[in-house]
Amino acid sequence: MTVIGTGYLGITHAACMAALGYRVLGLDIDADKVRHLNAGHLPIHEEGLAELLRDGLDSGRLRFTTSVAEAADFGDVHFLCLGTPQRAGGSAADTSQLDAAVEALAPLLTRECLVVGKSTVPVGTAGRLADRLVELAPAGRAVDLAWNPEFLREGFAVKDTLSPDRLVLGVRTGRAERTLREIYRPLGEVPVVVTDFATAELVKSAANSFLATKISYINAMAEVCEAVGADVLALAEALSHDDRIGRRFLSPGIGFGGGCLPKDIRAFAARAEELGVGSALAFLGEVDAINGRRRARAVELARELAGGTLEGRTVAVLGAAFKPHSDDIRDSPALAVALAARAEGAVVQVYDPVALDNARKAYPELDYAGSAAEAAQGAHVTMVLTEWPEFAGLDPGELGEVVAARAVVDGRNALDPVAWRARGWRYRALGRP
Ligand code: UDX
């Protein structure tokens, strides 16, 4: 099989498929990346993936190329794992990488094969690509398409790929369904939902919208708690004992970010608008707005702690990744807050256990430190914005020795307020007194 596009999804899928025993060829247009991957260098931080990449390369079952012709010749099954970022200047998804991949691959498909889309796409994309494949491929109708969305979480990508909650197979033919069932058989007992293309595409958008809504729901409750001095953490705990509600994705704080949730809810709403059912998803605009307000609120708390202005103050930002156990900084709430503080005139010193290099490249205007203590040096306000375990374990007494003022904003409700206050810190969190 081939895996086209070697981003977070593609590298993980390729390495996992090789681990299941398949011969896998990864394809990417980025020659540098291909060279690094073939040398066993993983460009992302993802638990367990470096080992799988190395095992795959050592076994000879996995390699990477930039040659579309080689991929077309190699694959009986081609997985499309290209990025669908937010369109520049709009909220819809940009499917140009996916379109370009199909335009390049299809004319080279001379024998029966199955193309499997895994990217998150606007509903209707699969149907369009299926037509395009048959139109362009010399093998014509022998080229089949299926849509098999991926639900992996960064930080748990390998686990989510090898033990998924469910498999969604959007197919038009029994042949495609049989091939996909065969491919995933080594995963053992996994619930399988077989459906049409449109439903398969929608499942992914619906799942991510639900998760984003859950986070914004508890963050909306945090806003209300702030108005009356109530405690959103206790509220969330009380809600969670109702197992119809549950505890997961009900952690209040500075909200969601990353390469998926923010752009996926916007793309979903934009697509609904195009389909004439915009009002059905109008609430996603609110979900997005609540999320943005939480970032602004964190900056407000820092400003309050700094005495009404951030101008000329030093702010320590602990965390740059959009969530712990990842080095991904795409739409990171932590960096959004850091940049907003900087825009108000603060000197911002950022530390993150793994995302520092990515952050430094993307935002050279921020200052960077090699440890939490170094970032906190001389800080008037310290902000914990990504809940890395090492931040929860910080000693407020020791950190208090290096800061200019003992003032902390706990943007992820990751610290123990009692312990920090006991050491003389002014402690502020979102949604808590
Ligand atoms: C998400 C989906 O979970 C995954 O199924 C999909 O395939 C891709 O998008 P991911 O982007 O890796 O995965 O991150 P996720 O774990 O969902 O977290 C998203 C953001 O929400 C992070 O910024 C996280 O900090 C935040 N979050 C999560 C909260 O603010 N509160 C919560 O309770 C949970």
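### Re the overall build of the protein chain
1) Next: On a plain count of helices and strands, the protein chain comes out with 18 helices and 14 strands.
2) Next: Taking 2.2 N^0.38 as the reference for a compact globule, 433 residues should give roughly 22 Å; the C-alpha atoms of the protein chain span a radius of gyration of 23 Å, in line with that estimate.
3) Next: Relative to all contacts within the protein chain whose residues are 6 or more apart in sequence, the contacts with residues 24 or more apart total 72%.
4) Next: Summing over all exposed atoms, the protein chain offers an accessible surface of approximately 18100 Å²; the carbon and sulfur share of this is 53%.
5) Next: Computing the positive centroid from 46 side-chain charges and the negative centroid from 57, the protein chain places the two 2 Å apart.

### Topic: the sheet that holds strand β10 (residues 347–351)
1) Next: Strand order in the open sheet made by the six strands is β11-β10-β9-β12-β13-β14, with parallel pairing throughout. At either end of the open sheet lies a strand with only one pairing partner, and these are β11 (367–368) and β14 (426–429).
2) Next: Here strand β9 (residues 314–318) runs beside strand β12 (residues 381–384); their pairing, made up of four bridges, is parallel. Across the sheet, the residue bridging to Leu318 is Val384, located in β12.
3) Next: Contacts between helix α13 (residues 333–343) and the sheet are confined to β9, β10 and β12, with β10 contributing the most and set at about 160 degrees to the helix.

### Considerations on the pairing of β10
1) Next: Most of β10 sits out of view: four of its five residues are buried.
2) Next: The pairing of β9 with β10 spans five bridges and is classified as parallel. The residue of β10 that forms the bridge with Ala316 is Gln349.
3) Next: For β10 and β11, the ladder comprises two bridges, and the chain directions are parallel. From the neighbouring strand, Val350 faces β11, where its bridge partner is Tyr368.
4) Next: The handedness of the β10 to β11 crossover, carried by helix α14 (residues 356–362), is right-handed.

### Points about the packing of helix α12 (residues 283–305) against α13
1) Next: Interhelical geometry of α12 versus α13 gives an angle of 45 degrees and a closest axis separation of 9 Å. The orientation of α12 with respect to α13, classified from their angle, is oblique. Viewed along their axes, α12 and α13 form a crossing whose handedness is right-handed. Contacts between α12 and α13 pair Arg295, Ala298 and Val299 from the former with Pro333, Ala336, Val337 and Ala340 from the latter.
2) Next: Here the residues of the contact of α12 with α13 are counted per class, giving six nonpolar, no polar and one charged.

### Some words on helix α1 (residues 8–19)
1) Next: Taking 1.5 Å per residue as the helical rise, α1 with its 12 residues ought to reach 16 Å, and the 17 Å between its terminal C-alpha atoms agrees with that figure.
2) Next: Burial analysis of α1 places 11 of its 12 residues in the buried class, which makes it a mostly covered element.
3) Next: Backbone geometry just downstream of α1 places Gly21 in the positive-phi region, at approximately 110 degrees.

### Quick look at the domain arrangement of the protein chain
1) Next: Under the domain assignment, the protein chain is made up of domain 1 (2–195) and domain 2 (230–433).
2) Next: Listed per partner, the contact involves 17 residues of domain 1 and 16 residues of domain 2.
3) Next: Between domain 1 and domain 2 lies a buried interface of about 1400 Å² when both sides are counted; carbon and sulfur atoms form 50% of it.
4) Next: Scanning the region where domain 1 abuts domain 2 turns up one salt bridge.
5) Next: Between Glu154 and Arg330 there is a salt bridge, and its shortest N-O distance comes to 3.1 Å.
6) Next: The interface formed by domain 1 and domain 2 includes nine residue pairs in polar contact (both at pLDDT 80 or more).
7) Next: Per-class residue counts for the side of domain 1 that touches domain 2 are eight nonpolar, seven polar and two charged.

### Re a negative patch on the surface
1) Next: Negative charge collects at one region of the surface, where Glu47, Glu51, Asp55 and Asp58 lie side by side.
2) Next: The residue Glu47 is located in the loop between α2 (31–38) and α3 (49–59) in this model.
3) Next: The exposure class assigned to Glu47 is exposed, which follows from its relative accessible area of 60%.

### Digging into the site of the ligand
1) Next: Taken together, 20 residues are adjacent to the ligand, and Phe151, Leu152, Glu154, Ser251 and Phe322 come closest.
2) Next: A distance of 3.1 Å separates an oxygen atom of the ligand from a polar atom in the backbone of Gly257.
3) Next: Contact distances for the ligand include 2.8 Å between an oxygen atom and a backbone N or O atom of Phe322.
4) Next: Here the residues of the shell around the ligand are counted per class, giving 10 nonpolar, four polar and six charged.
5) Next: Residues from two domains meet in the shell around the ligand; each of domain 1 (2–195) and domain 2 (230–433) gives at least three.

### Observations regarding the packing of aromatic side chains
Any pair of aromatic rings gets described here by the distance separating the centres and the angle formed by the planes.
1) Next: Enumeration according to the criterion identifies two aromatic pairs in this entry.
2) Next: One cation-aromatic arrangement involves Arg153 over Phe156; the distance from NZ or CZ to the ring centre is 4.4 Å.
3) Next: Positioned over the ring face of Phe151 is Arg166, at 3.6 Å from the centre of the ring.

### Topic: the nonpolar core
1) Next: Grouped together as the largest cluster of nonpolar side chains are 52 residues, with contacts concentrated most on Leu310, Leu318, Val348, Val350, Met383, Phe391 and Trp420.
2) Next: Those residues in contact with Leu310 that sit more than four places away from it in its chain are Val299, Ala302, Arg303, Val315, Ala341, Glu344, Gly345 and Ala346.
3) Next: Core analysis: the next-biggest nonpolar cluster, separate from the first, contains 39 residues, Val24, Leu49, Leu57 and Ile183 among them.

### Comments concerning α12
1) Next: In this model, α12 (23 residues) spans 33 Å end to end at C-alpha, consistent with the 33 Å of a helix rising 1.5 Å per residue.
2) Next: Two residues or fewer past α12, Gly307 is found with a positive phi of approximately 90 degrees.

### Topic: the side chain of Asn219
1) Next: Mapped onto the elements of the fold, Asn219 is located in helix α9 (residues 197–228).
2) Next: On the basis of relative accessible area, Asn219 is assigned to the buried category, the value being 0%.
3) Next: Once you skip the residues sitting within four places of it in the chain, Asn219 turns out to touch Pro252, Gly253, Gly255, Ile290 and Arg294.

What counts and how
Residues numbered from 1 in each chain as written. Predicted model: local features only at pLDDT ≥ 70, side-chain atom pairs only at ≥ 80, totals over all residues. Heavy atoms only, no water. Helix = DSSP H or I, 4+ residues; strand = E, 2+ residues; numbered from the N terminus. Rg over C-alpha atoms; globule rule 2.2 N^0.38 Å. Contact = heavy atoms within 4.5 Å. Areas by Shrake-Rupley, 256 points an atom, 1.4 Å probe, with all protein chains shown as cover. Lys, Arg positive; Asp, Glu negative; His and termini not counted. Charge placed at Lys NZ, Arg CZ, Asp CG, Glu CD. Pairing = 2+ DSSP bridges. Axes fitted to C-alpha atoms, helices over the stretch in contact; angles between N-to-C directions. Buried < 20%, exposed > 50% of the residue type's maximum accessible area, 1.4 Å probe, protein only. Right-handed = clockwise from strand over helix to strand, strands pointing away. Parallel < 35°, antiparallel > 145°, perpendicular 65-115°, else oblique. Left-handed = near helix turned anticlockwise from the far one by under 90°. Nonpolar A, V, L, I, M, F, W, Y, C, P; charged D, E, K, R; others polar. Expected span 1.5 Å × (residues − 1). Domains from an automatic or database assignment. Buried area = accessible area lost by both parts, 1.4 Å probe. Salt bridge = Lys/Arg side-chain N within 4 Å of Asp/Glu carboxyl O. Polar contact = N/O pair within 3.5 Å; in protein donor to acceptor, adjacent residues only side chain to side chain. Patch = residues over 30% accessible without salt bridge, like charges linked within 9 Å, V, L, I, M, F, W, Y side chains within 5 Å. Near = heavy atom within 4 Å. Phe/Tyr/Trp six-rings, centres within 6.5 Å; stacked < 30°, edge-to-face > 60°. Lys NZ or Arg CZ within 6 Å of the ring centre and 35° of its normal. Core = buried A, V, L, I, M, F, W, Y, C linked by side-chain atoms within 4.5 Å.

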